[in-house]
Structures are given as C-alpha cells and as structure tokens.
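Summary of the model geometry
One letter stands for each residue in the lines below.
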Amino acid sequence: QVISDFDMTLSRFGCNGRRCPTSHNILDTSRVISEDGKKKLKDLLHYYYPIEIDPNRTLEEKRPLMVEWWTKAHELLVQQKIHKGDIAQIVRESEAMLRYGHEMWDGFKEFFDQLHKNNVPLFIFSAGVGDILEEIIRQANVFYPNVNVVSNYMDFNDDGVLTHFKGPLIHTYNKNNTVLQGTGYFQQLSTRTSIILLGDSMGDLTMADGVPSVENILKIGFLNDKVEERRGKYLDSYDIVLESDETLDVVNGVLHYILAE
C-alpha cells in the first residue's frame, strides 16, 4: 500500500517561480474569504508557522500550539459562511498543481493510474482541508476507488453553508494512530505488509504507525525548502530524499519496478 501526505508531496511546492498553494492556502486566499478574514488568517500563519518549523522546539511543545493554530483557523473559516457549492470553483480558479513527470508529462497521472490498475490502495493522510484536496484530485480525473483520504473535512448545514469542521483535528504533528482510531482503515489491509510512504515533513514519518504488521517500508521524502539546513535531518529519517524535485519521477520509477515484478 502507499501512504502519502498531500500538500507539497503530491501537490507541487513551486509553480512558475512562486510558492504553490496548499489546500489551506487555496481556501484562505480565495474570493469567498473577506479581506478582514484573510488578514487574520495571515496573522495566524506568521505567528504559528515559525513555531511549526522551529528545529529547537520539541514535538511536545509544538503539538498544543498546532492544535491552537488549526482550531483558530477553522473558527475563522466558519465565520466566513463558505458555501459547499463554491468549492469546485475555488479550486478551478486556484494555482494548485499536482507534481509532474519527466518532460512535463503528468507524473501524478502515471502515479494514480499505476496504483489503480494494480489495485494498490493509496491512503492520503493530510492536515489540510479534505474537501479542497479531494476536489483537486477529482478535477485532475484521478480520484479512483482505491484512493482513501483522511483529512480535516468541513461540515455543511442543509443550506450548504459551512458550520464546523468534523473531528478529529489533524495537524502536522499528530499524523499517527491517535487520529486513526475508529477508522479501521489499516485493519482491512492487514495483508498489505509492504508500504511506500511519501512525505515532505518530519511529521509525515509517523503516518504508517497505525499499520498492524509492517514488513517492509520505504520512506521517500521531498525536501522542498531550506535544503542545506535540513538535509542531515531528512537523510537520517527518510530512505530516499528528493531535493527541490517537483516531479514524481523517482516514485513512479520505484512503483514501476515493483509492480512489473
């Protein structure tokens, strides 16, 4: 089975010399958010993001602060009375891009297609906004039945207006068993003992913690940013580290090799 992060792992980090948006960014900067809402969301980012990536803070210190950040951000989004019917358009108007392949060929398509054709379950574990990232995959025409997503999902009332986010809250540093309890997802796949894990942060390394009997795990990490500073840490934790690589070529090559056996 393949277990993957979404933002900046399956989606691109850079587009045309700029940062690509995450699923949260897509929503936060869209036309459905008021100017005041945008400013408040940006303020939260400027306060909490440096904490999220601070190498000198422990996970124990970071976790409650991440919960605080996500909770405040979700509360702000709820105040905006977002309509379910606007999601598809928001995504269409965004600069979201999935990773490409060699010579700009659609690497993501090859990735999703290979897994689908070979009945390999793909589990996407994201601290982003589930409704947005599902829509990105849907608009890319690769939302196959073998894809399962666990993320932060919106809850809409009968009028299609966002009222709250469904629990449990998933942030950068709790992508593990704690938020998977009750889903039983990995239990159904107990025969899938070999895993390819894809991530772009240290928090993604625990994504396979809920898998009952892991025999082989290959961890592939996308080191998108602050490469020199973070290289050592990534090399200690991931089996393969891809530096500033916007493609899925290595992942597709590995899959191709395994699935062709």
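Residues numbered from 1 in each chain as written. Predicted model: local features only at pLDDT ≥ 70, side-chain atom pairs only at ≥ 80, totals over all residues. Heavy atoms only, no water.

The name given to the chain in an unreviewed UniProt entry is 5'-nucleotidase, with the source organism recorded as Phainopepla nitens. Listed under Subunit (unreviewed entry) in UniProt, the entry text for the chain is "Monomer." (UniProt positions renumbered as here; feature names shortened; annotations may be inferred.)

Now for the environment of Gly101. Checked against the element boundaries, Gly101 lands in the loop between helix 4 (87-93) and helix 5 (107-117). You can call Gly101 buried: its relative accessible area is 1%. Distance in space between the C-alpha atoms of Gly101 and Leu248 is 5.7 Å, their sequence separation being 147 residues. For Gly101, the contacting residues outside a window of four places in its chain are Asp106, Gly107, Thr247 and Asp249. (Helix = DSSP H or I, 4+ residues; strand = E, 2+ residues; numbered from the N terminus. Buried < 20%, exposed > 50% of the residue type's maximum accessible area, 1.4 Å probe, protein only. Contact = heavy atoms within 4.5 Å.)

Counting across every chain of the model gives 18 salt bridges. The shortest N-O distance in the salt bridge between Glu68 and Lys72 comes to 4.0 Å. Highlighted residues: Glu68 and Lys72, both in helix 3 (residues 59-79), separated by 4 residues, approximately one helical turn. For Glu68, a relative accessible area of 35% puts it in the partly exposed group. Residue Glu228 is joined to Arg231 by a salt bridge in which the shortest nitrogen-to-oxygen separation is 3.0 Å. Note that Glu228 and Arg231 are positioned in helix 9 (residues 227-237) at a spacing of 3 residues, about one turn of the helix. Take Arg231: its relative accessible area is 25%, and that puts it in the partly exposed class. In the salt-bridge network here, residues are joined through shared partners; they are Asp5, Lys175 and Asp204. (Salt bridge = Lys/Arg side-chain N within 4 Å of Asp/Glu carboxyl O.)

A separate point is unusual backbone geometry. Residue Pro168 is reached from Gly167 by a cis peptide bond, and omega for that bond is -10 degrees. Within the fold, Pro168 resides in the loop between strand 7 (162-165) and helix 7 (177-180). A positive phi angle, close to 60 degrees, is found at Asn141, a residue other than glycine. By the element assignment, Asn141 lies in the loop between helix 6 (130-139) and strand 5 (147-152). Of note, Lys226 is a non-glycine position whose phi angle comes to about 50 degrees, a positive value. In this structure, Lys226 sits in the loop between strand 9 (216-223) and helix 9. Since its relative accessible area comes to 38%, Lys226 is described here as partly exposed.

Next up on the list: the state of the cysteines. Taken as a whole and judged by the stated rule, the model has 1 disulfide. Between the sulfur atoms of Cys15 and its disulfide partner Cys20 the distance amounts to 1.7 Å. An S-S torsion of about 115 degrees defines the bridge between Cys15 and Cys20 as right-handed. (Disulfide = S-S within 2.5 Å.)

Moving on: the packing of helix 5 against helix 10 (residues 249-260). Two elements in contact, helix 5 and helix 10, have axes whose closest approach is 10 Å; the angle formed by their N-to-C orientations is 25 degrees. One finds that helix 5 runs roughly parallel with respect to helix 10. Judged by the twist between their axes, the crossing of helix 5 over helix 10 is left-handed. Taking contact as the criterion, the partners of Gly107, Glu110, Phe111, Gln114 and Leu115 in helix 5 are, on helix 10, Val251, Asn252, Leu255, His256 and Leu259. (Axes fitted to C-alpha atoms, helices over the stretch in contact; angles between N-to-C directions. Parallel < 35°, antiparallel > 145°, perpendicular 65-115°, else oblique. Left-handed = near helix turned anticlockwise from the far one by under 90°.)

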